[in-house]
Every structure is written in C-alpha cells, then in structure tokens.
Amino acid sequence: MKLIYLPLSVFILISCITDRKEDACFENDKKEKTAYQEFRIDTPQEILRANPSHVKFTVDNKLKTYKEETEDARKSYSEAEDKKRFKVYDDKYAELIKNFGNQFYYINTEKVDGIVYGIGQNMFGYWLLETKNNTVAAYYLGLSQFTHFSKKQPEHFISGNKLLAYGSFVRISKSWGYPFGPQKEAVKDRLVFEIDLQTVKKDSDKDRFNDLFEKLVLLNPDSADTDKDGIPDFTDSNPLYRSEKSKFTDLYTLIIDREYEQSGFSKGSYFFTGYFSDCDYFHHINPTQVKVLIYPENKSSELQSDYRLGMFPEHIGKIRKDKDKNRFYIDYGSGSGGGYIEALFKNGKWNLTKQSTYDI
Ligand SMILES: [Ca+2]
Ligand SMILES: [Ca+2]
C-alpha cells in the first residue's frame, strides 16, 4: 500500500506548488481587485516613539520650522540665479559628487583629519558619507522619512562619535504626491539631533551595508550574502532573492530594466527600487539597470511604515494570458499614471510595448 501512496502524495504536493505559482503569477478569469490601498497614517505620538535610541534631540527656538523651510524651498529663481545656485552646490560637494555621483542629495560636508564627511539623502532617508583617499563608505543614519533635515545645518557636524544635524520630525500626510513622493507635515519642529555614530557605523557582517540599513530593508545584518547566491549583498542587484533564469523571470527582468535604462539616478550602490509581489518568477529577477528589493505582500506589515510609503513608486501586476499563446499582458501603475505592457514571445525573445491608459 505504501508504494502506491508515496508517488501519489508527491504528485499532489507538486501540483499544489505549481498551482500556487500559477495563482500568484497569472491572472485568473475572475476579475481581481488590485486597486491602490491607502495606508494608515502614523500619529505624531507613534512617530516620536519610533525615534531610535541612538538619536537624541533638543529644541532650539532659533531654528526654522518645517513649514518655513518648505516655503523657502518653493521660492522660484531666475535662470541665472539657478545656475549660480547649482554651481555653489557642485563646488561645495565636489568631493562627494566625485565619489558617490548623483545617488544622494547632499546636505552638509566637512573635512576633519583628512576625511571628507558628508550627509546625503536618498529614498531611504539620511546617510553619513565618508571619503578618505580612495576609500568611501556610506552609513544609513537610522532616521528615515519621518525626519526632515533643514537647509541650514551646523558648520561643524562631526565631533568624535557624534553627528549633529538640524531638522524636524514629520509625518506623511498623503501617501503619494507626484513627482516629489509622499507629502509631509511637521510633528515636532526646531530640533537639534545628536546621533551616536558608534551605533550608526556598526556593520556586523562587514559587507559595507551597516546594520541599521540592513534591518530597515530586511537584509540579514549577520550575513554578507543574505540570499546565499554567492553574490554579496552590497553588489547583488536583487539581494533578497537568488536570481534565476526562466521565461517569465526574464520577462519581469526586462520590464524593470526597460524602466530604468535611461535613468542616470539608478546607478549606485545605495540606489534601489522596491516592489511587492507574490509571484515566484518576479522574485528571482536579475536586473542590470537598477537594484531591487522585492517583498511578498504579507511582508508589508513587517516594514517600517515610512519606508513602505516612500519606497514603492510602482506596481507591476500579474501576467494576463491571451488567446494567442505567445502574447501576454501585464498591468502597471505608479504615482504618475498607469496602463499595461504587451509582451510578445517570439524566437525565444520578449518584445515589449508599453501602453499608457491613464495619468494622475
Ligand atoms: Ca552589513
Ligand atoms: Ca546575494
């Protein structure tokens, strides 16, 4: 009897896995709802409670509020004034631009004992940057989009193991405002932040992503190769999942590469774009034009809410089959609009056509 049961149970197990993959990757005939979900907005108390213990803050009434800051930023300048402003920026941050390119927006810089320090901002929040001769390092400060660093910053911001910065705590008042990301409002203003750099610089697995960053994005801070595919987290374009080659994995890879091949911003060790997907083919992509962080839908609640709100500008849907067995459709949507991608598989290659059907 056992001889009969064994192959049968194996068969059932395999067919279950296949079905799950089918369901997660392909649209079925029942019309599914994939509408955008508005996330719950954190309360001011929750934001203050979420402040990590390595960050202390005090109030200095001489500093500007977030509202004053953003009003200043909205001021318009003449072409000549703009040119001058860009030149001042390029000159001030020349050393950082040389080493980190345009993957960060630079906020402050200072040279101490031959080391050029900087503060940079990207989609994750704020980073401490260091360049000394030919070695460069960037450390995520553990302060994310809930913190706004002001335009005016202390002239000397590095002192021993402390980093000083001026700013506010903010909350996201609306999840996506195109093209500037989430809209924000102040929770607590005129703050002097004092950040403990010993915590910030901790990199347990010595893979050049500090522990605070790895915890934020759910990489393993104790393994230099989270997905165990032989490519270290730091250089892996898809560090949460091992890359595989298959017809539909190649399709998702191509969709994302196409989206980013023209983007000068996407080149850099600290630049990522994020996606939620339950599709196994999607998980194992191997993009060459941008680095990706992909999470199954049920991981959403494990992510810090500000990260979740700021980091996932696009949605790429499941695959829809056509009567023509070589033709497929995939819906996409972002803060600026959406539509579908028509994918034709011919002579072992994918041909994509993108059709926009709505703008926001
Ligand atoms: Ca690390
Ligand atoms: Ca890896």
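All figures in this text were calculated on a predicted structure; none of them were measured in a lab.

Visitor: Please explain the overall build of the protein chain as it appears in this structure.
Guide: Counting its regular elements, the protein chain contains ten helices and 15 strands. Scored against the burial criterion, the 360 residues of the protein chain give a buried share of 30%.

Visitor: Which parts of the structure should I look at to understand helix α8 (residues 247-260)?
Guide: Each turn of an α-helix holds 3.6 residues, which means side chains three or four residues apart point in the same direction. When the terminal C-alpha atoms of α8 are compared, their 21 Å separation across 14 residues agrees well with the 20 Å that a helix rising 1.5 Å per residue should span. Turning to α8, its buried residues number three or more, namely Phe248, Thr249, Leu251, Tyr252, Thr253, Ile255, Ile256 and Glu259.

Visitor: In this structure, what is going on with the pairing of strand β15 (residues 349-359)? I would like to understand it.
Guide: Across a regular strand the side chains alternate sides, sitting on one face of the sheet and then on the other. β15 sits mainly on the outside: zero of its eleven residues count as buried. Summarising the sheet, strand β14 (residues 337-346) and β15 pair through ten bridges and their orientation is antiparallel. Counterpart to Ile341 in the pairing with β15 is Lys354. Between β14 and β15, which follow one another and run antiparallel, lie two residues, and Asn347 among them has a positive phi close to 50°.

Visitor: Just to check I follow, could you spell out the sheet that holds strand β5 (residues 135-140) for this structure?
Guide: Note on sheets: strands pair through backbone hydrogen bonds, and any given pair is parallel or antiparallel. One open sheet holds the four strands; their spatial order is β2-β3-β4-β5, and the pairing between them is antiparallel. Edge positions in the open sheet fall to β2 (105-112) and β5, since each of these has one partner strand only. The mean inter-strand angle of the sheet, taken between neighbouring strand axes irrespective of direction, is 20°. Relative to strand β3 (residues 115-122), β2 is paired through seven bridges, and the arrangement is antiparallel.

Visitor: Just checking my understanding: could you explain the sheet that holds strand β13 (residues 327-334) for this structure?
Guide: Strands sit in the order β12-β13-β14-β15 across an open sheet of four strands; the sheet is antiparallel. Two strands in the sheet have a free side with no partner beyond their single neighbour: β12 (314-321) and β15. Taken pair by pair, the neighbouring strands of this sheet meet at an average axis angle of 20°, ignoring direction. Taken together, the six bridges between β12 and β13 define a ladder with antiparallel strand orientation. By the bridge assignment for β13, Glu314 is matched with Ser334. Contacts from α8 reach β12, β13, β14 and β15 within the one sheet, and its direction differs from that of β15 by about 55°.

Visitor: Teacher, can you tell me more about the nonpolar core here?
Guide: Nonpolar side chains in soluble globular proteins tend to be buried together. Counting 64 residues, the largest nonpolar core has Trp127, Leu128, Tyr140, Leu141, Tyr252 and Ile294 as the members making the most contacts within it. Each of domain 1 (44-200) and domain 2 (237-359) gives at least three residues to this core. When residues no more than four places from it in sequence are discounted, the contact partners of Leu141 are Gly125, Tyr126, Trp127, Leu128, Ile195 and Val200.

Visitor: Could you clarify how one ought to interpret the environment of Lys346 in this entry?
Guide: Looking at the element boundaries, Lys346 is found in strand β14. Classification of Lys346 as exposed rests on a count of 9 C-beta atoms within 10 Å. A sequence separation of 19 residues divides Lys346 from Arg327, and the C-alpha atoms of the two residues are 9.1 Å apart. Setting aside chain neighbours within four positions, we find Lys346 in contact with Asn326 and Asn351.

Visitor: Is there a simple way to think about unusual backbone geometry in this case?
Guide: Of all residues except glycine, most have a negative phi; of all peptide bonds, most are trans. Unusually for a residue other than glycine, Lys206 sits at a positive phi of about 50°. Relative to the helices and strands, Lys206 resides in the loop between α6 (197-200) and α7 (211-217). Note on Lys206: 7 C-beta atoms within 10 Å, which makes it exposed. Although it is not a glycine, Lys228 sits at a positive phi angle of roughly 55°. Structurally, Lys228 can be placed in the loop between α7 and α8.

Visitor: Explain the confidence of the model for the protein chain to me, please; I cannot follow it from the model alone.
Guide: Detailed reading of the predicted coordinates is not advisable wherever pLDDT is low. Looking at the protein chain, the pLDDT average stands at 88 and 87% of residues meet or exceed 70. Within the protein chain, helix α1 (residues 2-25) has the poorest average pLDDT of any element, 54, and α6 the best, 98. pLDDT under 50 marks residues 1-16. Its contacts with residues more than four places away, or in other chains, come to zero contacts.

Visitor: I'm lost on the environment of Val192 in this one. Help?
Guide: Along the chain, Val192 turns up in strand β9 (residues 181-196). Judged by the 15 C-beta atoms lying within 10 Å of it, Val192 falls in the partly exposed class. Along the backbone, Val192 and Leu63 are 129 residues apart, and their C-alpha atoms lie at a distance of 8.8 Å. Discounting residues that sit within four places of it in the chain, Val192 has contacts with Phe57, Thr58, Asp60, Leu164 and Tyr166.

Visitor: Mind showing me how you'd approach the environment of Val170 here?
Guide: As for its placement among the helices and strands, Val170 is situated in strand β8 (residues 162-177). Taking the C-beta count within 10 Å as the criterion, Val170 has 23 such neighbours and is therefore assigned buried. When the C-alpha positions of Val170 and Leu48 are compared, they lie 9.6 Å apart, and in sequence the two are 122 residues distant.

Conventions and cut-offs
Residues numbered from 1 in each chain as written. Chains lettered and ligands numbered in written order. Predicted model: local features only at pLDDT ≥ 70, side-chain atom pairs only at ≥ 80, totals over all residues. Helix = DSSP H or I, 4+ residues; strand = E, 2+ residues; numbered from the N terminus. Buried ≥ 20, exposed ≤ 12 C-beta atoms within 10 Å, placed from the backbone. Expected span 1.5 Å × (residues − 1). Pairing = 2+ DSSP bridges. Axes fitted to C-alpha atoms, helices over the stretch in contact; angles between N-to-C directions. Contact = placed C-beta atoms within 7 Å. Core = buried A, V, L, I, M, F, W, Y, C linked by C-beta atoms within 7 Å. Domains from an automatic or database assignment. pLDDT = per-residue confidence, 0-100.

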